[in-house]
Amino acid sequence: MTKIFETPLYPYVRSSDQDAGRPVRHAVVVLGAGPVGLATAIDLAQQGISVLVLDENDKVSWGSRAICFAKRPLEILDRLGCGQKMVDKGVVWNLGKVFFDERKVYDFNLLPEGGHKRPAFINLQQYYLEQYLVERALEIGRGTGLVELRGGNRVSAVEPQEDGVKLTVETPDGPYRITADWLIACDGAGSPTRTMMGLDFQGRIFEDNFLIADVVMKADFPTERWFWFDPPFNKGQSALLHRQPDDVWRIDLQLGWDIDREAEKNPARVREKLKAMLGEEVEFELEWVSIYTFQCRRMEKFRHGRVIFAGDAAHQVSPFGARGANSGFQDTDNLAWKLKLIIDGKAPESLLDSYDRERVHAADENILNSSRSTDFITPKSHASRVFRDAVLELAEHHAFARPLVNSGRLSLPATYDGSPLNGPDCAAMPVRTRPGAPASDAPVAGGWLLDRLGDRFQLVTIDIEAPATLTIDGIPVERVALSAANDPTGALAARYLGEAKSAVYLMRPDQHVAARWETFDAGEVTKALRIATARSDNAGRG
């Protein structure tokens, strides 16, 4: 077992808050030092907001847990200063194969087009991700003092107030109390914060169980996602194989509903199943074993006054499709810039209503896709199994059937269609970069487009003049001047111009499109920025 699990990275140290005469007030407190909590803290700190992170633990997670990280979260992690470490350590993959029994039904490429800095996916154990995020947070803390991680600090009481939240924190030295202007609950699927506030999930729990085994072995399987329906080594069920760094392989085996969970986790039983899959002659070590049940659920609302929920604390989906941690990063990406503007007095608190609307929309999209995957993978009636098997038979020889095969629709970023923050659109431009959509990467002079975007409002201009900077209601808007002529691949024009001869895009700090036009008009940009910061509604926009 790698020592990373055993090393305290932010051990308990008595803080000055514990010796204060009255509760100290903090601008933002984040509960949970997992991936989403750490990303939230880093994002806010990079924008100049002081953040306190509390966690009863002081180490990274034990076991691989989340391993598949998609292109969009990698782009977010680039902005947070961790993306390159992730890609350098991770296993990069774009290809997948689907099998029915022993036959390959078809294969697929998740990123068939070029002109992107990041791959469709990488596989990387969650403990490495957490290590990189902890290191980044501590680096910011040392350099600016804007991030503080307190291990061994468990929140035992949450008392929402009109203008903040009162917290009771338990430590090895006893309890103390603090107050937060804003509390962000990133404390996982079993969120104690949610329980303390009397809140719950709505949704489905599926009647099936899956075994996860992280196996250390030397193997010559290619770096691809392999999924089996009804394989000979797990008849009537399904299986999944993924490669991770350090010769670790993730294997998921469907077990069925009526099982003895403890018996199934017995190492001898697990080895028997794995040998049936891998062959008797293959030598391997078990690194981590767990059993999970599919759950596709969410809170009714993610914002409750000054308490905001993100990641698994707000929503849960089945692991197939890699929508858990990936959607959590998009939660914090959506939240941090809005909270920054509110704290700075440049946007009303109602801007956070859009966090609820946009991320609930994204959660519903993930839950829908995850539920459909689960229903296809684990048919619960004879008719649905006959349908599934017929689709698989057809898919081997007929391309029209392949989109119907659902071995886990893999994570894609949400487009916030219908968001109250969306401004004007231009019908001549590509649908993929419409208002509400995340920016598509493209080669630009000196590097990549997404490396030049984020953390502030920007005006991307393509083959048209505009001021270098604008200041609207105290909010700076920086121009990013581009020309399609500087991209010989044609990707920039294809993704941002379409049939238009020029383009002006107002970009949000989270790299989503706020509005776009074919020509520059300062008045129109001003209106769109006010819509994007909830100081004006978008009724009747062009």
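Our structure is the block above this text.
### With respect to the sheet that holds strand 3 (residues 68-70)
Argument step 1. If you walk across this open sheet you meet the three strands as 3-7-4, and the pairing is antiparallel. Edge positions in the sheet fall to strand 3 and strand 4 (91-93), since each of these pairs with one other strand and no more. Recorded for the sheet is a direction-independent mean angle of 30 degrees between the axes of neighbouring strands.
Argument step 2. Bridging between strand 3 and strand 7 (residues 121-123) involves three bridges; their strand directions are antiparallel. Directly across from F69, in strand 7, lies its bridge partner I122.
Argument step 3. In the packing of helix 2 (residues 71-80) onto the sheet, contacts are made with strand 3 and strand 7, and the angle to strand 3 comes to roughly 75 degrees.

### A closer look at the side chain of T378
Argument step 1. Within the secondary structure, T378 is located in the loop between helix 9 (351-377) and helix 10 (382-395).
Argument step 2. On the accessibility criterion, T378 (2% relative accessible area) is buried.
Argument step 3. With sequence-adjacent residues up to four places away left out, T378 is seen in contact with D208, F210 and Q254.

### Some words on the packing of helix 1 (residues 35-46) against helix 4 (residues 126-144)
Argument step 1. Helix 4 packs onto helix 1 with a crossing angle of 25 degrees between their chain directions and a minimal axis gap of 10 Å. What the angle tells us is that helix 1 and helix 4 run roughly parallel. Crossing angle aside, the handedness with which helix 1 passes helix 4 is left-handed. Counting all contacts with helix 1, which are made through P35, L38, I42, A45 and Q46, the residues of helix 4 involved are Q126, L129, E130, L133, V134, R136, A137 and I140.
Argument step 2. Each residue belonging to the contact of helix 1 with helix 4 can be placed in one class, and the counts come to nine nonpolar, two polar and two charged.

What counts and what doesn't
- Residues numbered from 1 in each chain as written.
- Predicted model: local features only at pLDDT ≥ 70, side-chain atom pairs only at ≥ 80, totals over all residues.
- Heavy atoms only, no water.
- Pairing = 2+ DSSP bridges.
- Helix = DSSP H or I, 4+ residues; strand = E, 2+ residues; numbered from the N terminus.
- Axes fitted to C-alpha atoms, helices over the stretch in contact; angles between N-to-C directions.
- Contact = heavy atoms within 4.5 Å.
- Buried < 20%, exposed > 50% of the residue type's maximum accessible area, 1.4 Å probe, protein only.
- Parallel < 35°, antiparallel > 145°, perpendicular 65-115°, else oblique.
- Left-handed = near helix turned anticlockwise from the far one by under 90°.
- Nonpolar A, V, L, I, M, F, W, Y, C, P; charged D, E, K, R; others polar.

Interpretation note: all reported values are geometric properties and have no functional meaning in isolation.
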